[in-house]
Structure formats: structure tokens, C-alpha cells
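Structural overview
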Amino acid sequence: MRLFKTKPFARFADHEGIEDADLCDAVRRAKQGLTDADLGGGVIKQRTARKGQGRSGGFRSIILFRRGEKAFFVYGFAKSDRDNIRQHELKAFRKLAEVMLGYDDKALQAAIKNETITEIVYHGQAV
């Protein structure tokens, strides 16, 4: 399974100290059917923990997800900043999921090359 993060999500994760291992853990849980919310259309919401704390008060990640194939981290927010995404945002994420989950290897390489997305390298961890 290939994992990616968009440029805006990567900035958010860097600012909040969310490591790639945390993102791998979120996808691992999703693969096991342990999603915090299945928002439909290939969009899920997963929790990630703040450093030294649990997941419940931590961060929320919006992931475009197709089991066994690809996952794109596209949006993140702190639970303390907002409760959830709005309906119009969900519609936009679903449209984005249609496009990005349909990327073939050539499209993925082009997006990586132009730095729209970054592939998450998880150093042998099973995801």
C-alpha cells in the first residue's frame, strides 16, 4: 500500500510534530477496519495523538483511502480548534478522492515530481 501526504497536510504535520510513523499507524488502523469515521466516497477521518497524550484530544486527519492501494493525507486539524468539517468541505474531499484515488503510477510520479504530494516512506513497517 502506498501512502502520501499533500503539501498543505505536510506543513500541518510538521508544525504540529506529527511524524510519518503516526500517519502509518492511522492507515494501519484503517486497513483493519478501525476508522474513526467513514465519510463515504473514499474519505475517512482518523485520529492521531499529540506527543505524550492519547488520540482522543489530539488531531484529526482527513484521508482519501482505498484499502490495499493508496492513502492520501489531505487535511488535518486539532480537535480543540474545530469539531468537524463542514458539508461543503466534505463534498470537495469526495470530489478530490475521485480524482486522486484514480491516479495511476504516471500521475503519481508527476505529482511527486511537481511536489504536490510526498510519498511517506515507512521503513519496513507493515502498513
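Residues numbered from 1 in each chain as written. Predicted model: local features only at pLDDT ≥ 70, side-chain atom pairs only at ≥ 80, totals over all residues. Heavy atoms only, no water.

1. Description of the environment of Ala37
Quick note on the threshold: Helix and strand labels come from DSSP, where a helix needs a run of H or I of at least four residues and a strand needs a run of E of at least two; each type is numbered from the N terminus. Only heavy atoms matter for contacts: two residues are in contact if any of them lie within 4.5 Å across the pair.
Its place among the elements puts Ala37 in strand 2 (residues 37-40). Separated by 25 residues in the primary sequence, Ala37 and Ile62 place their C-alpha atoms 9.6 Å from one another. Here Ala37 is in contact with Val43, Ile44 and Lys45, once residues within four sequence places are set aside.

2. Re the nonpolar core
Under the convention used in this document: Side-chain atoms within 4.5 Å link the members of a nonpolar core, which is a set of buried Ala, Val, Leu, Ile, Met, Phe, Trp, Tyr and Cys residues. Per-residue accessibility, obtained with a 1.4 Å probe over protein chains only, is compared with the maximum for each type, and a residue is labelled buried under 20%, exposed over 50%, and partly exposed between these values.
Of all hydrophobic cores here, the largest spans 19 residues; its most connected members are Leu3, Phe65 and Phe73. Setting aside residues up to four positions removed in sequence, Phe73 forms contacts with Phe4, Lys5, Thr6, Phe9, Leu23, Ala26, Val27, Ser61, Ile62, Ile63 and Ile120. Counting 18 residues, the second-largest nonpolar core is a separate cluster that includes Phe4, Phe72, Leu101 and Ile117.

3. Re the packing of aromatic side chains
Inclusion rule: Aromatic rings from Phe, Tyr and Trp, with only the six-membered ring used for Trp, were paired whenever their centres fell within 6.5 Å, and each pair was classed as stacked if the ring planes differed by under 30 degrees, edge-to-face if by over 60, and tilted otherwise.
Applying the stated rule across the entire model yields seven aromatic pairs. For the ring pair Phe4 and Phe72, a centre distance of 5.0 Å and an interplane angle of 20° mean the geometry is stacked. Placement of Phe4 in strand 1 (residues 2-6) and of Phe72 in strand 5 (residues 70-78) is noted, with a sequence separation of 68 residues between them. According to the relative accessible area criterion, Phe72 is buried, its value standing at 0%. Where Tyr75 meets Phe93, the ring centres are 5.9 Å apart and the plane angle is 35°; that geometry is what we call tilted. One end of the pair, Tyr75, is in strand 5; the other, Phe93, is in helix 3 (residues 87-100), and 18 residues separate them in sequence. A connected cluster of aromatic rings, assembled from ring pairs, spans Phe9, Phe12, Phe59 and Phe73.

Coordinates in, geometry out; function isn't part of it.
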